[in-house]
Structures are given as C-alpha cells and as structure tokens.
Amino acid sequence: MCGIFAYINYLVDRDRAFILNTLLNGLARLEYRGYDSVGLAVDGDVEDEALVYKVVGKVVSLRKKIEGITELNTTKVFDNHSGMAHTRWATHGVPSEKNSHPHRSDPKNEFLVVHNGIITNYKELRTVLEKFGYVFDSDTDTETVAKLAKYIYDTQKKTMGSALTFTALVKAVCKELQGAFALIFKSVHFPGELVAARRGSPLLVGVKTAKKLKVDFVNIENSEPEPAEKDSSFLDVDAPRMRRTQSRSFLGEDGSLQPVEYILASDASAIIEHTKKVLYLEDDDVAHIALGDLHIHRLRRDDSMSSVRPIQTLEAELAQIQKGNFAHFMQKEVFEQPESVVNTMRGRINFDEHLVVLGGLRSQLANIRRSRRIIFCACGTSFHSCVATRALFAELTELPISVELSSQFLDEQVPVFRDDVCVFVSQSGETKDTLLALQYCKERGALCVGVTNTVGSTISRETHCGVHINAGPEISVASTKAYTSQFIALTMMALQLSDDNLQKLNRRKEIMEGLFRLSGDIRGALALDAQLKEISTQLAKVESIILLGRGFQGATCLEGALKIKEVTYIHAEGILAGELKHGPLALIDEKTPIILVMNTDRHRAEVDNAFKQVTARGGRPIILANDDDPDNDTLKNYTVVRVPKTVDALQGIINIIPLQLLSYHLAVAKGINPDYPRNLAKSVTTA
C-alpha cells in the first residue's frame, strides 16, 4: 500500500537537486507497493519555508513537474536538511492532488505529515478541530493528524508560554489516534528535523556514515531530551550543539558528532542503495532525528518492550531490486525461481541423509509435535500455498489441519486453544489481516509460527518461532517466486515434524528426492515460455477463463486463476474438477476457455472423467500434462503444455510456472504493466 520515504543529511553538503533526486528515486523503489498519486516536501530558500509538490499519477510525472519549475533553485546547498515523500493508495477520498500526501496543517505548511495506514477515529477528531475553526482541504484521515499537531502546538504555546519539544508534540498527537499508522512529521518550527512514529504499519531507519558505527544498537530513552545547550561564546556560535542524551551509536571515536545521513522508508528496498545498516521501529516507537542524532522514545512507559533497537545489516543487493535484462519485474521473478527455490532449501536439507533442519523451529519443535491441531492463516497467494500443502501436512503429521483466510478469521471468531499451533504465512510479514489474526491467537495462548520473506517484519518479530523463505526481494505486485518458496518452506516444515515417524520414512525420502531435482524441473517448465506466449495471443481477448484440477492441483488452479485476475483483468476461476457436476458444468460451452491440469498421478482417472465431461459439451481445454504422459491418442487433438513430472506433493510447484508465464504474456498482450496492476498493492497493511 502507501509508501513512505524520507531523507536527512547532517554535516554532509547536499544540493537541492541531489535531495530531490534521492526522494524521487526512493519513491520509485516503492512503486511496487501500488499507488495512485505521489508527493514530496523539502525545505524552501528562506527560513520557515517548506515546499510541497504533488501529482496524480506516477513518480515520473512528479519528476517532470518539478523539473518544469524554472524558479526552483536546485543548486542551493544544505548541510542539514530534512525531506520526505509519499506514494498514496487511495482509501479516504479519490485520487487527487488535494488528497495526496504530504498533508499540511495550514497554508504556511507549519506541520507536514506523510502517513501509511488508517486512522479509524479521524471523523471524531475532524469534528472537534472544525469546531475550533480549522478548515480541511482534503477528504483524507491524514490531514486530521497534521491539523491536530498544529492545534496541540499552538494551545501549549498559548497556555503555557513555551512550545512543546518535537518529540513531546508527536507523542501527544499519537496518543489521540486510533487505528494503524506509520507517520513522519516535518515542521518549520523544527528545521532539519523529522519525527517518525509507528503502530501497526512498517517503518525502518537506515543509517549512513563515512566511519564504522561504534555500537550496533540504539537505546530506548524513557525521558524527554533536554533542550540543546546554548553557548554564549562568540567563537563557538557555529559549532553544532549536542544534547545531553546524545545517542552513542552515531558519535565519532573522539565523542564528537560525525557526518551522517538517515533514510526512513516503509520497505528495505528503498534503503538498500544508500546503506545496509538499518533498525526496525516497533509498535509505539517514536523516533526523533535532529542535529545528526537519533533518539527513540516509547509512547507508553509501562510496557515490556525491549529497551534497545538493534542495528541490523541488510543482506539484499541493489541488483536484486533492478530488472536487469528483463522487460518487467514479474518476468524476472518468474525466471529467478530455479535459484530462489534453492535459496529456500540451502543449508536446511541434507539430501544424503534425508534430513531436514529448520533452525527457526528448533526451540518449539517438541511443542508443535504435541499440539492438538495446526491452523494455517494467510491471505491471497500465501493462503494458496497453505492450501497446496494442507494434504501433505495431514498425511505426514497425522494431525488435524485447518486453513483459514485471515480476513475472515476474526469475523468468524474461530475457536483457538492453548494446545493449538497457528502458522501465519505472509510474503511481506506486514499483512494487516494476518497480524490481527496473530494477535487474536496469541491472546488465547496458542503457539504462533511465522513464515515470511522479510527479515525483521512484524510477523517475524511477534511470533514465537518461524521460517524465513529466503526468496529474495519480490517487486512485482503479483507474487510468483514467493509462492513457490512458501510452498517449499511449508513442505520442509511437514518433513521435519514427521522425521520421528518411521512409517513415513519412504514417503519423506520420495519428497526430498523431488526437492533435490526441483530446480532443474523448474528450468524445464520455463523452457515452455515461447509456447505459452503463443497461447496468450489466442486468449488475449477472452473475458473469462476456467481452470480445473483435482487433489494437490486444486490449489494450483486457485493460484493460477488469481494470477490471471491480478495482472490481466480477465475473470478467472479455479474449480475443483470433482465439483463440475455440482454446478460449474453449466458454464462449459465451446466458447469458454478452459485450462485442465491433467497429471499422471493417483487422480488421473477422475481428471479423465472431467476431461470427457468438458469435451462432451464442446469444450476445447488447454491441457497441462506431464512430459511422460503416454495417453497421446486422447490428447492429440488438443493444445497440450507438457511439464516435467515430479512427486505428486511437489507437482504443483512445476505446474504453476506455466500459469505464471501465461498470466505475464496475457498482460503484455493486453498492454497492461504486470508489475503494477490497477487497484492493488504489494503489501496490504490495512484491514
């Protein structure tokens, strides 16, 4: 959803052109999250001036708008400057410049705010502020935050005679807010400073220094920083002033301030090109950056949160978030799967001894095995990966398995008990519905396991144990390699949980041998790219596609249909082949495109029956079959896509590759950018 990016330089000379380019490039890295409008704020040419630029459309449109402002002095140099930018995904109000961020407190831009999330009590706050004479320009919840900041600032100054510190002001604002938010505040009253706060929406801080950081953590401060000490000496009038609560992390060896740059963002992909040193803010953290110094405070003192925030090192490389020789990120990520599946398994499977070791589960392995049942909770593609492995979990663990949609979990008030294990699957680790379900299960004492692609994400921090899928950065909104890596991670979980059951030994070996060959099998499926591109030209003008499968391939059809819907805007429906006679058969005629997954597994006879039902009604299915399928007489009059055969529990990974490629080529054939489908966001951080 919305993307936040901010940049502060201190004792590092940067001209306005560099600052603007940094902000715009940061937003470009966040484009994959989905957005409809964009804006940024930088310092003006005179004191107490902030410049705000907004546009409906893409980042490139904002860049063109700024480049067209002839009176803008882009050569002005700042040794201390704070700027922030935002991509908006409309929730309150239509896409328009007035609804775009940053939002202002007043025409003088005294306080500016960018926001990711939803303020649920904004209507009540807006009503109160309107009674005090505040006039609102937009339809958004975020403008309420900016105006509330000005109201509290002015009221404190009028009644007490002195202004609040920037940190105290933001704390006072956040204590009035309900809902989920990641906020960054900028003010002309506090030049060169930013304050960030988060609750429920991700936000991280990157630190860039010329010298190595002295320590690898930042302490949480329990009291307000004292005002900067004033020195009466004329000789020291230009010397930077230090706070007594100076954060030790960013001092030089001699204890003096050193040049430093801070980058704040919703996602590490926007930070990696600047620095690999980052810290993740926790819920109810308030981070104040001023005079090259970072202070982190808590909204509440009486909580049990850790008193430090570790500075972590990002493992990703800049090349991983660039397209390279591919036309789109989706295409690149589909073709990365031979490597990404290996990365998911790397160091976790001993193929010689047929042993799986997931270090993230080791501490809770015995408790998981003793559980009464396992509940999987996820949304979208992650939900389909759970559906795809549900039967294998039940087979290997011999436990009751339940797969629930996160978006319905709380609506249904699913009974959860202390002897349940709840597995939460999310590519980003920040999916709001899944986080709400996680909180619900933790409150009921269940053991919570996270499966995510993002180190340091909320799910990875809030669960008791978990597995990182190590698929690498995924930029395209439509998830591809994360699905196959989730599939494998969950399969490895089932294998490890059953390694004490000798009756399952041969089955486990069969699956691990399939995993050993998996990368090569995926390459074989990717070799079908040209055939699938040709098929896409035949389907580009259709309005609906039906996908049929049975057994393990039911999830393949659901995920394939989702990919087609996401990136091509063609209605697609995945249907279990066994359900044809119970209603869906009425949809079949000679004009309806059908994709039938027809592997040589134990369900082949039932799928053959579905094939006959479809063809008897004039249907002309596209067959997804195995390359060793001997039944050529039946299939010779139909379009057949032959994929490598593997063990039945893993065949869904191979089968999804052609459907991903078909979705991609369909989108391109229809003139749609598959990386940024309309109305969708990569990380769904609002419920």
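The coordinates are above.
Just so we're clear, the structure is a prediction, and the values are computed from it rather than from any experiment.

Across its full length, the protein carries 19 helices and 28 strands. Projected onto the principal axes, the alpha-carbon positions of the protein cover approximately 95 × 55 × 45 Å. For the protein, the accessible surface area stands at approximately 27700 Å², while carbon and sulfur atoms represent 50% of it. Each charge class in the protein was averaged separately, 81 positive and 87 negative side chains, and the resulting centres sit 2 Å apart.

Residue position: Asn 626 is located in strand 27 (residues 622-626). Given the relative accessible area of 1%, Asn 626 is considered buried. Engagement of the side chain of Asn 626 in a polar contact is seen with the side chain of Gln 651, the distance being 3.4 Å. Asn 626 has contacts with Met 598, Asn 599, Thr 600, Arg 642, Val 643, Pro 644, Lys 645 and Gln 651, leaving out every residue within four places of it along the chain.

Attention now moves to the sheet that holds strand 15 (residues 308-310). The eight strands lie next to each other as 5-6-7-8-13-14-10-15, forming an open sheet whose pairing is mixed. Only two strands of the sheet have a single partner each, and these edge strands are strand 5 (103-104) and strand 15. As judged from the five bridges shared by strand 8 (residues 194-199) and strand 13 (residues 285-290), these two strands associate in the antiparallel manner. In the strand pairing of strand 13, Val 195 is matched with His 288.

What follows covers the packing of aromatic side chains. Going through the model one piece at a time under the given rule, you end up with 12 aromatic pairs. When the centroid spacing of 4.9 Å and the interplanar angle of 70° are considered together, the rings of Phe 376 and Phe 393 count as edge-to-face. With a gap of 17 residues between them, Phe 376 in strand 19 (residues 373-378) and Phe 393 in helix 9 (residues 380-397) connect regions that are remote in the sequence. Summarising the aromatic geometry, the rings of Tyr 483 and Phe 487 are spaced 6.2 Å apart at their centres and angled 90° between planes, so their arrangement reads as edge-to-face. Within this pair, Tyr 483 and its partner Phe 487 are both found in helix 13 (residues 481-497), separated by four residues, close to a single helical turn. Take Tyr 483: its relative accessible area is 0%, and that puts it in the buried class. What links up through ring pairs into an aromatic cluster is the set Phe 111, Tyr 153, Phe 166 and Phe 190. Across from the ring centre of Phe 18, 4.2 Å away, lies the NZ or CZ of Arg 14, which sits over that ring. The lysine or arginine in question, Lys 147, covers the ring of Phe 136, its NZ or CZ lying 5.3 Å from the ring centre.

Remark: helix 7 (residues 337-345) packs on helix 14 (residues 505-526), axes separated minimally by 8 Å, with the N-to-C direction vectors making an angle of 165°. By the angle class used here, helix 7 and helix 14 are roughly antiparallel. When the axes of helix 7 and helix 14 are compared, the crossing they make is right-handed. Contact residues: Gln 337, Pro 338, Glu 339, Val 341, Val 342 and Met 345 in helix 7; Leu 515, Leu 518, Ser 519, Ile 522, Arg 523 and Leu 526 in helix 14. A per-class count over the contact of helix 7 with helix 14 returns eight nonpolar, two polar and two charged.

Looking now at the pattern of salt bridges. What the rule picks out here adds up to 34 salt bridges. Note that Lys 481 and Glu 336 form a salt bridge whose closest N and O atoms lie 2.7 Å from each other. Placement of Lys 481 in helix 13 and of Glu 336 in the loop between helix 6 (329-335) and helix 7 is noted, with a sequence separation of 145 residues between them. Judged by its relative accessible area of 4%, Lys 481 falls in the buried class. Ionic pairing is found between Arg 523 and Glu 339, a salt bridge with its closest N-O pair at 2.9 Å. Taken together, the positions of Arg 523 in helix 14 and Glu 339 in helix 7 put the pair 184 residues apart, joining distant regions of the chain. On the accessibility criterion, Arg 523 (43% relative accessible area) is partly exposed. Via salt bridges that share partners, Arg 372, Arg 373, Asp 419 and Asp 420 belong to a single interconnected network.

The strand order 25-24-26-27-28 describes an open sheet built from five strands, whose pairing is parallel. Each edge of the open sheet is held by one strand with a lone partner, namely strand 25 (571-576) and strand 28 (640-643). Each adjacent strand pair in this sheet contributes to an overall mean axis angle of 20°, direction not counted. With six bridges connecting them, strand 24 (residues 544-549) and strand 25 associate as parallel partners. Looking at the pairing, Ile 545 lines up with Ala 572 of strand 25. Along the sheet, helix 15 (residues 529-539) contacts strand 24, strand 27 and strand 28; its crossing angle with strand 28, the most-contacted strand, is approximately 150°.

Taking 1.5 Å of rise per residue, 12 residues should cover 16 Å, and helix 11 (residues 432-443) covers 17 Å from first to last C-alpha, within 8% of that figure. Among all positions of helix 11, only Lys 432, Asp 433, Thr 434, Leu 435, Ala 437, Leu 438, Tyr 440 and Cys 441 are buried. Lining the buried residues of helix 11 we find strand 7 (179-187), strand 19, helix 10 (406-412), strand 21 (420-426), strand 22 (447-452) and helix 12 (458-462). Looking one or two places after helix 11, you find Gly 445, whose phi comes out positive at around 85°.

Reading the values: the criteria
Residues numbered from 1 in each chain as written. Predicted model: local features only at pLDDT ≥ 70, side-chain atom pairs only at ≥ 80, totals over all residues. Heavy atoms only, no water. Helix = DSSP H or I, 4+ residues; strand = E, 2+ residues; numbered from the N terminus. Areas by Shrake-Rupley, 256 points an atom, 1.4 Å probe, with all protein chains shown as cover. Lys, Arg positive; Asp, Glu negative; His and termini not counted. Charge placed at Lys NZ, Arg CZ, Asp CG, Glu CD. Buried < 20%, exposed > 50% of the residue type's maximum accessible area, 1.4 Å probe, protein only. Polar contact = N/O pair within 3.5 Å; in protein donor to acceptor, adjacent residues only side chain to side chain. Contact = heavy atoms within 4.5 Å. Pairing = 2+ DSSP bridges. Phe/Tyr/Trp six-rings, centres within 6.5 Å; stacked < 30°, edge-to-face > 60°. Lys NZ or Arg CZ within 6 Å of the ring centre and 35° of its normal. Axes fitted to C-alpha atoms, helices over the stretch in contact; angles between N-to-C directions. Parallel < 35°, antiparallel > 145°, perpendicular 65-115°, else oblique. Left-handed = near helix turned anticlockwise from the far one by under 90°. Nonpolar A, V, L, I, M, F, W, Y, C, P; charged D, E, K, R; others polar. Salt bridge = Lys/Arg side-chain N within 4 Å of Asp/Glu carboxyl O. Expected span 1.5 Å × (residues − 1).

The values reported here are purely geometric and, on their own, carry no functional implication.
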